[in-house]
Amino acid sequence: MLKFWKLATLAFALVFFMTACSSDKTDTKEDSYSETEHGEIVPSITILSSTPEANQTQYEAANMAAAEWRKLGIDVTVRPIEFNTMVDRVFNGEDHDFDVYTIGWSGRAERLDPDMFTYSILHSSNAGPGGNNSSGFVHAAFDELASAQRQEMDIDKRREMIFQTQEIIADEVPFVTTYVPMFVQAYNNERFTDVPLMVGEGIFSEWLPYYVKPLADDKVLRVGSTYDLNTLNPLDASTAYEWRILRLIYDKLVRVSLEGAPTPAAASGWDVIDDTTVDVFVREGMTFHDGNPVTAEDVKFSFDFQIEHNPGYFLAFIDPIESVEVVNDTTVRFNLKYPYAPFVNNTLAQIPIIPKHYWENVMEEQGISSPADFPNLDPIGSGPMTFNHWRRGEEISLSTNNDFYHNIEISGMIYRLYGQMEGIMAGLQRKDIDTLSDPMIPAHINQSRGIEHLNVTETGSIGFQFLGFNLRRVPFDNKEFRNALAHTIDFHTIVDAHLEGYGGLGGAGLNINDANQFWHNPNVTRPAFEPSKAREILEAAGYTWDSQGRLRLPAN
């Protein structure tokens, strides 16, 4: 019995001692947390993501980022939303009501000039509703360089300025490029041949109807896509998906060739009179799809009307124009406010020619306050394709413009819509469609290589997919916070695991990638995937963690 009591006493003492030690340790930890001066809890973050059906890789990238951010003590939600809803909220919303979003800029050939991915998407003047600077990035030194490069006609000096802007963007991190896509697509080799490939766009470029040749009696080319349009109005369109169709209906003065050079289109040519004066010669004999002639007055009206009504999508390209004059029946003179190096490549190659007789009274006739409010359900252009119908969520039908100045061998195009990429793959396999507008996912690439009637094509891209931050709100208004998050994106896993190698690595603020070799700054250093480094940066910037592991803003 005595032995039992001795053992019981010893066990009690041991428990008491351990409890005491444990209590001391907890108290010490609590004391440490309580002694730290904490700021507010970092606000909860919502990532507006692509749906997995629309872009599986971006959806996975958003979830990978969210998982790393949660490890840092941040409350994060990933919310997949439909593409056009995303665009309306991020680009067009008056209140900029978002935290983070995933989206991409397509690498169309006219974007080989660095102005689009420098001035248009990042200059502070484009940060308002409808502008392309969706992150709200404002930086005085960047603005100065981005403006100056537009006016610099010495290409080496301009290149140096572009290099400097890339250094600023990599340091400021208004967004993180998650990956650079590769356009791997396929087409039906039994029905079509001579399919052109364009850098950044692959098969479904504006040159497709010009070059493709039918092999069967049915000469209608059927293109599959998961992206429907939001509008047919060229003054309201704000996405590459809308312009992929609209540029076939509406002609432009210049088109950028498959090789990236400016090529006469609705203009038969142009003459640079001096640094601020350019004469453009309107091609003779053109007509709009309703039979009316395309005149120099229509060209002047197209630019004046869009300058007056200020479409955000083209704001950066029309802003340098001081005035437009009709010199004679076939000549239009552009007077610029200042020398603008990308004027031919960007402005003349992007602004659609619209018929004056159709648009000049549209506000009065429709009782609307802006031409952007006009549905334009029967678009009249002068491009290579005429409009037949648009059944939302189903298809868009176009016929070849037989009066077009270039001989086109197909008789029309059907833009057929699918809910997900699996539907497009099945359509290609069953021969319901002939090609697709978007890059294929890796599983479908491998599947297509084994199908005899499909030719698989590969095209590089100067475009990029990215994770954008809203710099107008906490915590993304803090540069160090953005720099820390740049270390949490696992670029190699995105490319190796989710793209199976069919893509290029992203990086913080990577707006001009190495596919655009002349303008890409190879000396910029960007953060690697290193989550522990993210924590170090946050700690050095005054962020703290409370007893529950939640990340706190700097106290001051």
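Residue numbers restart at each chain and count upward from 1, following the sequence in its written direction. In view of the model being predicted, local features appear only for residues whose pLDDT reaches at least 70, and side-chain atom pairs are presented and counted only at 80 or more, with totals across whole chains, interfaces and linings using the full set of residues. Values shown for side chains rest on all heavy atoms present in the structure; no hydrogens or waters enter the calculation.

Help me out: how do you make sense of the packing of helix α16 (residues 479-486) against helix α18 (residues 531-540) in this one?
When two helices pack together, their arrangement is given by the angle between the helix axes and the distance between those axes. Contact pair α16 / α18: the axes reach a minimum separation of 8 Å and the direction vectors enclose 170°. With respect to α18, the element α16 is oriented roughly antiparallel. The residues of α18 that touch α16, namely those facing Glu480, Phe481, Asn483 and Ala484, are Ala534, Ile537 and Leu538. Three classes are used: nonpolar for Ala, Val, Leu, Ile, Met, Phe, Trp, Tyr, Cys and Pro, charged for Asp, Glu, Lys and Arg, and polar for all others, with Gly counted as polar. Its residues assigned to classes, the contact of α16 with α18 comprises 5 nonpolar, 1 polar and 1 charged. Orientation is described by axes fitted as lines to C-alpha atoms, over the contacting stretch for helices, and by angles from 0 to 180 degrees between their N-to-C directions. Runs of H or I in DSSP of at least four residues are treated as helices and runs of E of at least two as strands, each being numbered from the N terminus. Any angle that falls under 35 degrees is termed roughly parallel, while one over 145 is termed roughly antiparallel, one within 65 to 115 roughly perpendicular, and all others oblique. The contact definition used throughout considers only heavy atoms, calling two residues in contact when any of these lie within 4.5 Å.

How should I be thinking about the sheet that holds strand β16 (residues 395-400) in this particular structure?
Within a sheet, each strand pairs with its neighbour through backbone hydrogen bonds, oriented either parallel or antiparallel. Spatial ordering of the open sheet is given by β15-β16-β17-β8-β18, a layout of 5 strands whose pairing is mixed. Looking at which strands have only one partner, the edges of the open sheet turn out to be β15 (385-391) and β18 (435-436). Strands pair, by our definition, only if DSSP identifies at least two bridges between them. Here strand β8 (residues 220-225) pairs with strand β17 (residues 412-417) via 6 bridges, running parallel. The residue bridging leucine 221 from the neighbouring strand is methionine 413, located in β17.

What should I look at first to understand the nonpolar core in this one?
If you look at soluble globular proteins, the nonpolar side chains tend to sit buried side by side. Counting residues in hydrophobic clusters, the biggest one holds 142 residues, and the most contacted among them are Ile47, Trp69, Leu253, Phe303, Phe334 and Phe481. For this core, the element with the most residues is helix α8 (residues 240-249), which contributes 6 residues. Ignoring sequence-local partners within four residues, the contact set of leucine 253 consists of Thr263, Pro264, Ala265, Ala266, Ala267, Val280, Val299, Phe303, Phe334, Leu348 and Ile353. Within the second largest apolar cluster, 14 residues are counted, among which are Ala186, Met440, Leu454 and Tyr502. As used here, the term nonpolar core means buried Ala, Val, Leu, Ile, Met, Phe, Trp, Tyr and Cys residues forming a set that is joined through side-chain atoms within 4.5 Å. Burial here depends on accessible area, computed with a 1.4 Å probe over protein chains only, as a share of the maximum for the residue type. Under 20% is buried, over 50% is exposed, and the range in between is partly exposed.

Sorry, what's going on with the side chain of glutamine 350 here?
Counting through the fold element by element, glutamine 350 comes out in helix α11 (residues 343-350). Among residues more than four places away in sequence, those in contact with glutamine 350 are Arg108, Glu110, Lys252, Phe314 and Phe317.

Help me understand the environment of asparagine 455, please; the structure alone is not making it clear to me.
Looking at where asparagine 455 falls in the secondary structure, it is placed in strand β19 (residues 454-459). When the C-alpha positions of asparagine 455 and threonine 193 are compared, they lie 9.8 Å apart, and in sequence the two are 262 residues distant. Apart from the residues within four sequence positions on either side, asparagine 455 is in contact with Gln185, Ala186, Tyr187 and Asn189. Contacts described as polar in this section are N or O atom pairs within 3.5 Å, which, within protein, must combine one atom able to donate a hydrogen with one able to accept it, while residues neighboring in sequence count only if both atoms come from side chains. Within polar-contact distance, the side chain of asparagine 455 engages the side chain of asparagine 189 at 2.7 Å.

Which parts of the structure should I look at to understand unusual backbone geometry?
With the exception of glycine, the majority of residues adopt a negative phi angle, and the majority of peptide bonds are in the trans configuration. At the junction of valine 474 and proline 475, the peptide bond is cis and its omega measures out at 5° in the coordinates. As for its position among the elements, proline 475 is in the loop between β20 (464-469) and α16. Located in the positive-phi region is asparagine 376, a residue other than glycine, with phi close to 55°. Relative to the helices and strands, asparagine 376 is located in the loop between α13 (362-366) and β15.

So what exactly am I meant to see when it comes to the pattern of salt bridges here?
Two side chains of opposite charge can pair, provided their charged atoms sit close to one another. Basic side-chain nitrogens of Lys or Arg form a salt bridge, by our definition, when they fall within 4 Å of a carboxyl oxygen of Asp or Glu. In the structure shown here, the tally under the stated rule is 28 salt bridges. Here aspartate 97 makes a salt bridge to arginine 89, at a shortest N to O gap of 3.9 Å. We classify aspartate 97 as partly exposed; its relative accessible area is 35%. Taken together, the shared-partner salt bridges connect Arg89, Asp97, Asp99 and Arg473 into one network.

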